Amino acid sequence: MQHNLDHTIALLSRTPAALNALLRDLPEEWTRRNEGDGTFSAFDVVGHLIHGDRTDWIPRARVILEHGETRPFDKFDRLAQVRESQGKSLSQLLDEFTRVRAEKLTELHGLKLTKQDLERRGSHPSLGAVSLSQLLATWAAHDLTHLHQLSRVMAHQYRGAVGPWTRYLGVMHCAGHSE
């Protein structure tokens, strides 16, 4: 499938509601547990998405539009949510994500991107040359990755409780589960 900006925006606009429907008002034992050392909980995922929206997607799009490949993107701190989410509740993070995502989608619309703009290239610090179209498609796929991760992390909490049905539950066998 080719990248379609309208489809990307449609998906990106739905992520806050999907997270809200899945996570709001769940007990902390569902939302603060992870799959083991070095893995994200649902709480961490929401914080990570907020940080990404603030510092990654639109800022990098602007770097591509303003500098092309002459200026590499700033490095992304994939663990910044640990610091930035301290003292906040999951409900606060869900509300914040809804606001930040709406702001960033308004900024994206304001760029009035053309087909030529989407073909412009920037410089990723480890991937090298990437197009604006690839960046925006990755934003949508990143959301989907974390929605999948949430399902996996939450199912992991019932790994022992489901007993022998584990063999029939694909989510229990996805890469990323701790043993």
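Residues numbered from 1 in each chain as written. Predicted model: local features only at pLDDT ≥ 70, side-chain atom pairs only at ≥ 80, totals over all residues. Heavy atoms only, no water.

Visitor: Sorry if this is basic, but what is going on with the packing of aromatic side chains here?
Guide: The relation between two aromatic rings is expressed through the spacing of the ring centres and the mutual angle of the planes. Scanning the entire structure with this criterion turns up two aromatic pairs. Ring geometry for Trp 30 and Tyr 158: centres 4.9 Å apart, planes at 65 degrees, overall edge-to-face. One end of the pair, Trp 30, is in helix α2 (residues 28-31); the other, Tyr 158, is in the segment after α8 (132-156), and 128 residues separate them in sequence. Tyr 158 gets classed as partly exposed once you look at its relative accessible area, which sits at 46%. Arranged with centres 6.1 Å apart and planes meeting at 10 degrees, the rings of Trp 57 and Trp 139 form a pair that is stacked. (Phe/Tyr/Trp six-rings, centres within 6.5 Å; stacked < 30°, edge-to-face > 60°. Helix = DSSP H or I, 4+ residues; strand = E, 2+ residues; numbered from the N terminus. Buried < 20%, exposed > 50% of the residue type's maximum accessible area, 1.4 Å probe, protein only.)

Visitor: Explanation requested: the nonpolar core in the structure shown.
Guide: Within the largest apolar cluster, 21 residues are counted, with the highest numbers of intra-cluster contacts made by Leu 108, Leu 113, Leu 132, Leu 136 and Trp 139. Mapped by element, the contributors of at least two residues to this core are α1 (5-23), α4 (57-67), α6 (90-110) and α8. Here this core gets six residues from one element, more than from any other, and that element is α4. Those residues in contact with Leu 113 that sit more than four places away from it in its chain are Leu 5, Leu 65, Leu 108, Leu 118, Leu 132 and Leu 136. (Core = buried A, V, L, I, M, F, W, Y, C linked by side-chain atoms within 4.5 Å. Contact = heavy atoms within 4.5 Å.)

Visitor: How should I be thinking about the layout of surface pockets in this particular structure?
Guide: Rolled over the atoms, a probe as big as a water molecule pinpoints where empty space is left. Estimated volume of the largest pocket: approximately 390 Å³. Lining the largest pocket are 19 residues, with Asp 56, Trp 57, Arg 60, Thr 138 and His 142 sitting closest to its centre. Of all the elements in the fold, those that place two or more residues in the lining of the largest pocket are α4 and α8. Element by element, the count of residues in the lining of the largest pocket is highest for α8, at six residues. In the lining of the largest pocket, the residues fall into seven nonpolar, nine polar and three charged. (1 Å grid on protein atoms, 1.4 Å probe; cavity = no way out; pocket = protein on both sides within 12 Å on 5 of 7 lines; lining within 4 Å. Points joined across faces, edges and corners; volume = space filled by probe spheres on them. Nonpolar A, V, L, I, M, F, W, Y, C, P; charged D, E, K, R; others polar.)

Visitor: Teacher, can you tell me more about the environment of Arg 14 here?
Guide: Along the chain, Arg 14 falls in helix α1. Counting along the chain gives 129 residues from Arg 14 to Asp 143, while the straight-line C-alpha distance between them is 9.8 Å.

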